[in-house]
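Here is what each chain is made of, one letter per residue.
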Amino acid sequence: MLIGVVGPSGAGKDTVMAGLRAALAEDPRFVFARRAITRPADAGGEDHLALTEAEFARQDFALQWSAHGLRYGIPRSIEHDLARGRVVLANLSRTVLEEAAARYPFAVLHITASAALRAARLAARGREEPADIAARLSREAPLPPGLRVLTVMNDTTPEAAVAVARNYLASLPRA
Ligand SMILES: Nc1ncnc2c1ncn2[C@@H]1O[C@H](COP(=O)(O)OP(=O)(O)OP(=O)(O)O)[C@@H](O)[C@H]1O
Ligand SMILES: O=P(O)(O)OC[C@H]1O[C@H](OP(=O)(O)O)[C@H](O)[C@@H]1O
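The protein chain carries the name Ribose 1,5-bisphosphate phosphokinase PhnN in an unreviewed UniProt entry, which gives Rhodovarius crocodyli as its organism. According to its UniProt record, the protein chain has this under Sequence similarities (unreviewed entry): "Belongs to the ribose 1,5-bisphosphokinase family." Under the UniProt heading Catalytic activity (unreviewed entry), the note attached to the protein chain is "alpha-D-ribose 1,5-bisphosphate + ATP = 5-phospho-alpha-D-ribose 1-diphosphate + ADP".

Below, the structure is given as structure tokens:
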């Protein structure tokens, strides 16, 4: 099953995924997709595959989208993992959820937090310039209806959010 980790900028998707990755490191059932992004490798945050626009255009991805002036792709290799019954976690855009659900066994892990907390977190993170942060905070993308969704309110500690997300993963049907 593919788990799309989504939510507004600053909610804590990367943070919760990093916590899950550490918590599930010994469990071979779980795989974390490495994204390709047209963002420099040293920009901070996740360990992504940094591609130029030209390199990105030549790749064949399982899922891809554009946001924040960047291109994002999920590698085809997830299909091999899914075929072997793995649970694949991937940080996705909310705009590709219907496509993902149409193509793969799929559930959503929706990470969110209040607008005030997200604003403070993005400012403290410092990965983007203030104008980009403002654009990120105002970006809205509703979740499509009819999907299996767990919403995690990441408004206390990262550990608490990771624990809720981990319980959700444990509750999912085995492939
Ligand atoms: N529960 C929390 N308490 C305090 N700080 C947090 C918490 N969760 C995340 N953060 C911090 O908030 C910032 C944003 O988190 P993160 O990068 O994980 O968000 P994101 O949803 O992946 O955002 P984006 O979509 O912009 O990449 C990071 O600096 C992170 O360390
Ligand atoms: O707003 P939506 O479309 O859900 O997400 C748009 C993009 O923003 C985030 O990327 P980043 O890691 O913050 O660059 C998401 O992971 C996604 O790639």
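Back to the text.
Visitor: Mind showing me how you'd approach the layout of surface pockets here?
Guide: A probe as big as a water molecule, rolled over the atoms, marks out the empty space that is left. Taken as a whole, the largest pocket spans an internal volume of roughly 540 Å³. Forming the boundary of the largest pocket are 31 residues, of which P8, S9, G10, K13 and R136 lie nearest the centre. Contributing elements (two or more residues each) for the lining of the largest pocket: α1 (13-23), β5 (61-67) and α5 (115-125). Per-class residue counts for the lining of the largest pocket are nine nonpolar, eleven polar and eleven charged.

Visitor: What is the right way to look at the UniProt feature "binding site: ATP" (unreviewed entry) in the protein chain in this model?
Guide: The sites that carry the UniProt feature "binding site: ATP" (unreviewed entry) are, in the present numbering, G7, P8, S9, G10, A11, G12, K13 and D14. From the set just named, the residues that line the largest pocket comprise G7, P8, S9, G10, A11, G12, K13 and D14. Following the sequence through the fold, S9 ends up in the loop between β1 (2-6) and α1. Leave out the neighbours within four places in its chain, and S9 touches R118, L122, R125, R136 and L137.

Visitor: What is the right way to read the site of ligand 2 from this model?
Guide: Around ligand 2, the surrounding shell holds 14 residues, and the nearest of these are Y72, N91, S93, R136 and R139. Here Y72 contributes a side-chain N or O atom positioned 2.4 Å from an oxygen atom of ligand 2. In this structure, an oxygen atom belonging to ligand 2 sits 2.7 Å away from a side-chain N or O atom of R136. Protein burial of ligand 2: of its 430 Å² of free accessible surface, 97% is covered by the chains. The cavity where ligand 2 resides is the largest pocket. When its residues are assigned to classes, the shell around ligand 2 shows three nonpolar, three polar and eight charged.

Visitor: Would you explain the site of ligand 1 in this entry?
Guide: Ligand 1 sits among 17 residues. The nearest are S9, K13, T15, R125 and N154. D14 is positioned such that a nitrogen or oxygen atom in its backbone is 3.0 Å from an oxygen atom of ligand 1. Here a nitrogen atom of ligand 1 sits 3.1 Å away from a polar atom, N or O, in the main chain of T156. Summarising the interface, the protein chains cover 78% of the accessible area of ligand 1, which totals 630 Å² for the free molecule. The cavity where ligand 1 resides is the largest pocket. Elements supplying a minimum of two residues to the shell around ligand 1: α1 and α5. In terms of residue class, the shell around ligand 1 is built from four nonpolar, seven polar and six charged.

Cut-off values and rules
Residue positions are given per chain, counting from 1 as you read along its sequence in written order. The order in which chains are written sets their letters, starting at A; the order in which ligands are written sets their numbers, starting at 1. Selection of residues for local features in this predicted model requires a pLDDT of at least 70, selection of side-chain atom pairs for listing and counting requires 80 or more, and totals for whole chains, interfaces and linings are taken over all residues. As a rule here, side-chain values come from all non-hydrogen atoms in the structure, and water together with hydrogens is ignored. UniProt positions are given in the numbering used here, feature names are shortened, and annotations may be inferred rather than shown by experiment. Site definitions follow a grid-based scheme: protein atoms alone, a 1 Å grid, a 1.4 Å probe that fits but cannot get out for cavities, and for pockets an open set with protein on both sides within 12 Å along at least five of seven lines, plus lining residues having an atom within 4 Å of a point. Grid points are joined across faces, edges and corners, and a volume is the space filled by probe spheres set on the points. Numbering of helices and strands runs from the N terminus, with a helix taken as a DSSP run of H or I at least four residues long and a strand as a DSSP run of E at least two residues long. The nonpolar class holds Ala, Val, Leu, Ile, Met, Phe, Trp, Tyr, Cys and Pro. Asp, Glu, Lys and Arg form the charged class, and all remaining residues, Gly among them, are polar. Whether two residues are in contact is decided by their heavy atoms: any pair within 4.5 Å suffices. Proximity is defined per residue: if any heavy atom of the residue lies within 4 Å of a molecule or strand, that residue is considered near it. We define a polar contact as two N or O atoms separated by no more than 3.5 Å, with the added condition that, inside protein, one atom must be a possible hydrogen donor and the other a possible acceptor, whereas residues neighbouring each other in sequence contribute only through side-chain atom pairs. Working definition of accessibility: Shrake-Rupley area with a 1.4 Å probe, residue cover restricted to the visible protein chains. Molecules are considered to sit inside a cavity or pocket once more than half of their atoms lie within 2 Å of its grid points.

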